[in-house]
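# Remarks on the overall topology
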Amino acid sequence: MTDCALARYGHADLPAIRQILLDVHADAYAAEMDDPFHQTEKFAWFVDHWGARPSFDCVIAFAADEPVGFAYGATADLGRETWRGHLSPTPTPGTTFALSELMVRPKWRGTGLAQRLHDTLLDPRPEQLATLLVDTTHPRVQALYETWGYRKIGERQPFPDSPLYAVMLRSLPSA
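The structure reproduced in this document is the subject of the present report. (Residues numbered from 1 in each chain as written. Predicted model: local features only at pLDDT ≥ 70, side-chain atom pairs only at ≥ 80, totals over all residues. Heavy atoms only, no water.)

## Details of helix α1 (residues 14-28)
In a regular helix each residue adds 1.5 Å, so 15 residues correspond to 21 Å; α1 covers 20 Å between its end C-alpha atoms and thus fits that length. For α1, the full list of buried residues reads Leu14, Ile17, Leu21, Leu22, Val24, His25 and Ala28. The arc that holds every buried residue of α1, seen down its axis, measures 170 degrees, which confines them to one face. Turned more than 90 degrees away from the buried face of α1 sit Pro15 and Ala16, all of them exposed. On the buried face of α1, the contacting elements are β1 (5-10), α2 (40-51), β2 (57-63), β3 (66-75) and β4 (96-104). (Helix = DSSP H or I, 4+ residues; strand = E, 2+ residues; numbered from the N terminus. Expected span 1.5 Å × (residues − 1). Buried < 20%, exposed > 50% of the residue type's maximum accessible area, 1.4 Å probe, protein only. Arc of directions from axis to C-beta. Contact = heavy atoms within 4.5 Å.)

## Things to note about unusual backbone geometry
Of note in this structure, Ala64 is not a glycine but carries a positive phi near 60 degrees. Here Ala64 is to be found in the loop between β2 and β3.

## Comments concerning the packing of α1 against α2
Here α1 crosses α2 at 145 degrees, and the two axes come no closer than 10 Å. In terms of crossing hand, the pair formed by α1 and α2 is right-handed. On α2, the residues touching Leu14, Arg18, Leu21, Leu22 and His25 of α1 are Thr40, Phe43, Ala44, Val47, Asp48 and Gly51. Partitioning the contact of α1 with α2 into residue classes produces 6 nonpolar, 3 polar and 2 charged. (Axes fitted to C-alpha atoms, helices over the stretch in contact; angles between N-to-C directions. Left-handed = near helix turned anticlockwise from the far one by under 90°. Nonpolar A, V, L, I, M, F, W, Y, C, P; charged D, E, K, R; others polar.)

## A word on the environment of Pro67
Relative to the helices and strands, Pro67 is located in strand β3. Here the alpha-carbon distance between Pro67 and Ile20, two residues 47 residues apart in the chain, equals 6.9 Å. When sequence neighbours within four positions are dropped, the list of residues in contact with Pro67 reads Ile20, Val24, Ile60, Ala61, Phe62 and Arg105.

## Overview of the layout of surface pockets
Of the voids in this model, the largest pocket is the one considered here, and its volume is about 1,600 Å³. Lining the largest pocket we find 48 residues, and of these Ser100, Glu101, Leu102, Leu133 and Tyr165 sit closest to its centre. Where the lining of the largest pocket is concerned, the elements lending two or more residues are α1, α2, β4, α3 (113-122), β5 (129-135) and α4 (139-147). Ranked by residues supplied to the lining of the largest pocket, first place goes to β4 with 7 residues. Across the lining of the largest pocket, the residue classes tally to 27 nonpolar, 11 polar and 10 charged. (1 Å grid on protein atoms, 1.4 Å probe; cavity = no way out; pocket = protein on both sides within 12 Å on 5 of 7 lines; lining within 4 Å. Points joined across faces, edges and corners; volume = space filled by probe spheres on them.)

## Some thoughts on the pattern of salt bridges
Per the counting criterion, the structure on display carries 9 salt bridges. We note a salt bridge from Asp57 to Arg8, for which the minimum N-O separation is 2.7 Å. On the criterion of sequence distance, the pair formed by Asp57 in strand β2 and Arg8 in strand β1 is long-range, its members being 49 residues apart. Since its relative accessible area comes to 37%, Arg8 is described here as partly exposed. When the shortest N-O distance is used, the salt bridge between Arg105 and Asp27 registers 3.1 Å. Highlighted residues: Arg105 in the loop between β4 and α3 and Asp27 in helix α1, separated in sequence by 78 residues. Residue classification places Asp27 among the partly exposed positions, given a relative accessible area of 31%. Three or more residues joined by partner-sharing salt bridges are found here, namely Arg8, Asp57, Arg125 and Glu127. (Salt bridge = Lys/Arg side-chain N within 4 Å of Asp/Glu carboxyl O.)

## A look at the packing of aromatic side chains
Applying the stated criterion across every chain yields a total of 8 aromatic pairs. Measuring from ring centre to ring centre gives 5.0 Å for Trp45 and Phe46, while their planes differ by 85 degrees; the resulting arrangement is edge-to-face. Of the residues examined, Trp45 reaches a relative accessible area of 44% and is grouped as partly exposed. On the numbers, 6.3 Å between centres and 85 degrees between planes, the contact of Trp45 with Phe159 is edge-to-face. Highlighted residues: Trp45 in helix α2 and Phe159 in the loop between β6 (151-156) and β7 (165-171), separated in sequence by 114 residues. The structure contains a cluster of three or more aromatic residues connected by ring pairs, namely Phe43, Phe56, Phe70 and Tyr72. A cation sits over an aromatic face here: Arg53 above Trp50, 4.9 Å from the ring centre. (Phe/Tyr/Trp six-rings, centres within 6.5 Å; stacked < 30°, edge-to-face > 60°. Lys NZ or Arg CZ within 6 Å of the ring centre and 35° of its normal.)

In C-alpha cells, the structure reads:
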C-alpha cells in the first residue's frame, strides 16, 4: 500500500492544493468533527495561515489520482519558535522548520506512508532544527515521532480551544 507518488508544492501552489488538504483532513478526522478544534473551518484557517508563508512547503501522496496523505510546514519566525521557553540554554540562534501537519487517510495508516511524507518534506530543508506539536492524549504518535529522532521538551496549549500538546524537537541533517 505504500506505492504512492509524492509531489512537492510551495506557497504559490496553495490555491491549487487547498481543497486537497481540506478533503484529506475531513477523512482523517471524520470521527472527531464534533470537536470544534478539528472542524474543517478551523483547519482551513490553519491551511491559509501556513500557506501564506513564502517558506510554505508541502508534500502530498497520491495513490493513482487519489490524495491519501500530506505533510506541510514552514520556517518558524525567529524568536517565536514553539521550543522557546522549554530549553535552557536556548539553542544558538538559527532557523527552525515547524512541521504543522502530517496527515494520512485512515485506510493508509500503518503502511509507512507517514514516515515517507515526513522524510520527503524534511530531507531538503536548510533549517537546523525541526519542531512539531503532538496532542498529549496520543502517546503512540509521540512515541512514533521519537523513533524518528524527535524528543519531547515541554508542553503547551497554543489556543484556548486547542488540546494540550507535547512540544517536540530534533536536529536536521543539514545542521
